[in-house]
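Structural features, examined
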Amino acid sequence: MLAYLIRRLFAAAVMLVVIILVVFCIFFLVPKWAGVDIALNYVGKQAGPDAVEAVRQKLSLDDPVVVQAWEFIKGIFAGRTYASGGDVTNCSAPCFGYSFKTEQAVWPVLTERFPVTLALALGAAVLWLIFGLAAGVLSALKRGTLWDRGAMIVALAGVSLPIYFTGLLSLAIFSYGLGWINGEFVPLEDSLTGWLGGMILPWVTLAFLYAAMYARITRATMMEILGEDYIRTARAKGLREPVVIRKHAMRSTLTPLLTMLGMDLGALMGGAILTETTFSLPGLGQKVLDAIQNQDLPFILGVTLITSLAVLIANLVVDVLYAVIDPRVRLA
Amino acid sequence: MTELSKSGAAVGEPTGTSAAPSAFLEVRDLKVHFPTDDGLVKSVDGLSFQLERGKTLGIVGESGSGKSVTSLGIMGLHTAGQYGKRKAQISGEIWLDGTELLSADPDHVRKLRGREMAMIFQDPLSALHPYYTIGQQIVEAYRIHHDVDKKTAKRRAVEMLDRVGIPQPDKRVDSYPHEFSGGMRQRAMIAMSLVNNPELLIADEPTTALDVTVQAQILDLIRDLQKEFGSAVIIITHDLGVVAELADDLLVMYGGRCVERGPAEKVFYEPRHPYTWGLLGSMPRLDRDQQERLIPVKGSPPSLINLPSGCAFNPRCPYADVPKDDVTRTVRPELTEVGSKHWAACHMSQEQRERIWTEEIAPKL
Amino acid sequence: MTTQRTSGRRKQALAAAAVVAALLTTAACGGGGDDSNGGSKNGAPGFDAANNKVAQASEAKKGGTLKFASSQDADSWDTTRGYYGFMWNFSRYYSRQLVTNKTEPGKAGAEVTPDLATGLAKVSDDGKTYTYTLRDGVTWEDGKPITSKDVKYGIERVWAQDVLSGGPTYLKEVLDPKDEYQGPYKDKSKDKLGLKAIETPDDKTIVFKLPEANSDFEEMLALTSASPVRQDKDTKSKYGLRPFSSGPYKFESYNPGKDLTLVRNTEWKQESDPVRKAYPDKITIKFFSNANDLDARLIAGDYDLDLAQTGLSPQGRTTALKEHKANLDNPVSGYIRYATFAQNVKPFDNIHCRKAMLFGADHVSLQTARGGPVAGGDIGTNMLPPSVPGSEGQKYDPYGMAGENKKGNIEKAKEELKACGKPNGFKSKIAVRNNKPVEVATAESMQASLKKVGIDLEIEQYDGSQYASVVGSPSNVAKKGYGVIIMGWGPDFPSVQGYGLPLWHSDYILDSANNNFALIKDEKIDGLFADYLTELDDAGKAKIATEINHKVMEGAYYLPFVFEKFINWRSNNLANVYTTDGYSGMYDFVNLGLKNPKK
């Protein structure tokens, strides 16, 4: 198990380096090939060539991509100093780059925004697990009934309706219309109820999408598991049906869902872009969209890496949990 | 076996009102039908038999003949855990120790499951839950019916594993099913079934998934255990060889019905139905040359939605034209007594069958 | 404020619009409809009540929190680096200049008035020396006096383009056209005040010595980039995160893209400031990433006004026009939306082919594509925005765009094509930013109407955020064959120089980040600009501006679409609210007050 973990961690590290290189290529080489001068994004419209040159220097745009990537990786561990025109900017370790658009180091901004994204993802995950699993299991047990069809139609709607639609709709109804919820983000340290009021709609909106997916998968998996021989064995023992479902069927149903959950949460760590944008939540997703619109490369790079890292970690955690749940995996 | 009532409509009494029989297990006119998109699948269509304590009944037939469905029917597993609209339709009577199961409270039947009647399944790997240890699964089976703490139950589990011949049972009790060999798994499965001393044990193809040497061990084990516990046993198999030495009585099923039944030695040595002949022909026998080709029953099992009219076996029966007036294709044959406690459903006359058996079939076996 | 960098805002054209709009209409307003143009019982003063006039001037009370909402943060809050119009407008809360725009509605708001200085400049006869004296009692937020050296240092920062990029550089170009000064960060002198063109004989006096006269110089000193900055508080590139205040408010907190809070600067004294009233106690900006949510919250009264001042989104607009018309103003933004023809792409080197475009286009359809007369603006007939002195508005319409040819004149277009030597028309490409759906719509309108005269235009969308290197590079334009470029432009300060110099002067043809897309090289236009710089009389300046506009139109380099208009929201609680030409038709932020401070 330990050797396995070490191997996986090593693979993850290699993967990260590859991601950094690829991201660098995408963000620095592709514009170059397309004839776009990145430096022009960082200066005003009246900037002279020397200003453009200074920016190019600051961002070390003239260095080969590998050198830039190496500097970047070094910065993560040792910190970095950007100097240009008498202006020295320190970016202390872990330095995931420095934005010259907002004059902020990337890492502190990400760590500051991360809790919002984390709260959004975890809160929504709790909701979507409760409702997704419940709906999926009930649908599986009542398959073919009106309930089942109704639930699956709602689930289909949840999967196919875009977040900004459901989000705006929920805002229009509960916030502007009925006025039950303010719907605006309030930091947790300011007010717990205010925070809850700001988070509840995003939670529900995001959870609606995922609950729909989870319900569909749960239903399908549950139906498959219920046909397994060991479920019949459990019944033949004289177990009450609720126990059969809970103890025997649910545990097997959870395995594929766990993989999904790990991947989904990992991906969400990079920010739920649409949800955060719709509700103006100051999380990573909002930042990354903002960064993309403003061509703020360091932030895009930073968030991309954080997301990749989160997905890699999620993968690892899922694998370990998998072994905990399914004893057959432990041997491998 | 004692008196056997006639199968199907011949009983003539409305189900559910008949008096409790004296036999330990009596099945009367059991019908198990499954509605599907293509039509009604009549998996079991009027089956009756009896079984006494301490006796073994072998139910033999091809896959799809309804033998497994019958066993699940007795266990009440067609109704437990059936979800959605398409539920199995079951009628008839199943009397177990004076209780009619089909009309009984489902929760009462549930309590009988595992305690009064237990079941061994064909493939122990898929029939055991992969995420729980053998011990956990046996402990669970025990504690459903016994109000004891986990420790006591685990002691019982170790004891049972020991009894079914698993070495180092106190260690293996914590192993997972996938850590066992096939034979060991089936022993564990048997241990689990017997943990509550059931009075009826149903073994559904208990050896099919095992290799030949292990098969014999498992069958020996079942026999020994039956003697020890005094249970009634139903062994379901497609292989007559499995039940040859084990069963007191045999019941041969075809197309959801019984085509022949009787004491085992009668059915073996004086079979009175062409389908039984076919089964005997396809049975590997130790006393014969291994090289000789097994003779399978030609053709494929009938559709349970549209059974052939007349005798369901007629399309595959080499002797379908022996009776006159095409009766095999128009009239369904009823079970008739062909010997002492020996019944068969065939249009051929007793003489015709005896002649064909002694002259054509027996010499080739 | 140059090309419309206030982008992003209205991007989310949602498919859900219809449903949500319907919900907004019924849900948000509880079936209003009682607001009329003449004011309403809930206190909104009426449609266009604050457009070029003051609404509810006397109702402003001291105190309260003035709440801005915005879907966009400033490019920078550093006075040297900001270029967005709303940033210039907002920066007056925390920064003062020698002179600033008058806090008056409409055209008067574009005039300069003394701020830190005791009066307007004493200008030498040759127009090359400007002298100011600082007021008594002007202080920084820590109570220290603002000196002429602080003003000089603040202006010097414009030279440090390598560190403080982004802002306007007019002052640098006018005061140091040869680019000799290296900026304060590379300044070898001890006090870092090495710029020769500015002298500070004492702490109260500041003298500007221009190598060449420039009649708009005082306008340039009214720009935010001429604000004082104290050297010991200069955090260089990070100054925008926390500028040191010289105005009535100071930064309390700022989280980029999240929120900004200003509180009273207790060291600021009312008697030292002839311009600012400083009504509210606190000013907040909340940044939204969802423009529809923002509009809904404005309409619901959660916020007082939109910081970006670029108008409501289509859904919000529909609702507001129907239900809350009395809360809206419909000012001219100062922007002109247009297509321009690159002379380095054939056949646009030929004036007749350009004229064919002007005659052939359906100007009503283009106006509709921009949003119609109310939300889009009046049909543009020439290239000088109505807010700029010298503009004649729609009265100058050389091609009959708002008159006889407004639906397009096929015969005239064909005549021009014949004169151009392309009687059967020609083929070319329209380059349009992909992040501006409205611009794409105008491209489609041009494509449709010009097809009728045989001009076959192919629309090519490009990454809008890269416009400086895509259409800003004349060689790239030639290579790609972008004959038609769709763009918009607004004045940095209301003068023909502040609007048209980078667009029309031959010196401004650049290899990259070029804005003279048409590559206009007209000695007469260049000459008129030179005349303009030395003409100190306002009437004379306006006359030259008119002439320049005429020359540009005669060259047929541009096809204007609209004199842009916005529909902006003001809450019921806003008082002393008016639009000003000083900030291109935005509300003048600095003297906004609240009717009910407790709300």
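Residues numbered from 1 in each chain as written. Chains lettered and ligands numbered in written order. Predicted model: local features only at pLDDT ≥ 70, side-chain atom pairs only at ≥ 80, totals over all residues.

As annotated in an unreviewed UniProt entry, chain B is ABC transporter ATP-binding protein from Streptomyces rochei. The UniProt entry for chain B carries the following comment under Subcellular location (unreviewed entry): "Cell membrane". Listed in UniProt under the heading Sequence similarities (unreviewed entry), the comment for chain B reads: "Belongs to the ABC transporter superfamily." (UniProt positions renumbered as here; feature names shortened; annotations may be inferred.)

As annotated in an unreviewed UniProt entry, chain A is ABC transporter permease from Streptomyces rochei. The record in UniProt for chain A states the following under Sequence similarities (unreviewed entry): "Belongs to the binding-protein-dependent transport system permease family."

Below, the discussion takes up helix α3 (residues 65-78) of chain A. For α3 of chain A, with 14 residues, the first-to-last C-alpha span of 19 Å sits near the 20 Å given by 1.5 Å per residue. Once α3 of chain A finishes, Gly79 of chain A follows within two positions and takes phi at roughly 80°, a positive value. (Helix = DSSP H or I, 4+ residues; strand = E, 2+ residues; numbered from the N terminus. Expected span 1.5 Å × (residues − 1).)

Attention now moves to the interface of chain B and chain A. Contacts between chain B and chain A engage 27 residues on the former and 26 residues on the latter. Elements that contribute at least two residues to the side of chain B that touches chain A include exactly α2 (106-112), α3 (124-127) and α4 (134-145) of chain B. Here the side of chain B that touches chain A gets 4 residues from one element, more than from any other, and that element is α4 of chain B. Residues belonging to the side of chain B that touches chain A are distributed by class as follows: 13 nonpolar, 7 polar and 7 charged. (Contact = placed C-beta atoms within 7 Å. Nonpolar A, V, L, I, M, F, W, Y, C, P; charged D, E, K, R; others polar.)

With that settled, the discussion passes to helix α11 (residues 410-420) of chain C. All names here are of chain C. Within α11, burial applies to Ala413, Glu416, Leu417 and Cys420. Looking straight down α11, one finds that the buried residues subtend no more than 105° of arc, so they occupy a single side. Where α11 is buried, its residues touch α8 (351-360). Where α11 terminates, the next one or two residues include Gly421, which has phi positive at roughly 85°. (Buried ≥ 20, exposed ≤ 12 C-beta atoms within 10 Å, placed from the backbone. Arc of directions from axis to C-beta.)

Backbone torsion omega between Ala93 of chain A and Pro94 of chain A reads -5°, so that peptide bond is classified as cis. Mapped onto the elements of the fold, Pro94 of chain A is located in the loop between β2 (87-91) and β3 (98-99). That bond from Lys346 of chain C to Pro347 of chain C is cis: its omega, 5°, falls within 30 degrees of zero. Looking at the secondary structure, you find Pro347 of chain C in the loop between β13 (332-341) and α8. Even without glycine at this site, Gln168 of chain B takes up a positive phi of about 50°. Within the fold, Gln168 of chain B resides in the loop between α5 (150-163) and α6 (169-172). With a phi close to 45°, Glu205 of chain B is a non-glycine residue in the positive phi region. Mapping Glu205 of chain B onto the fold places it in the loop between β7 (200-204) and α8 (212-229).

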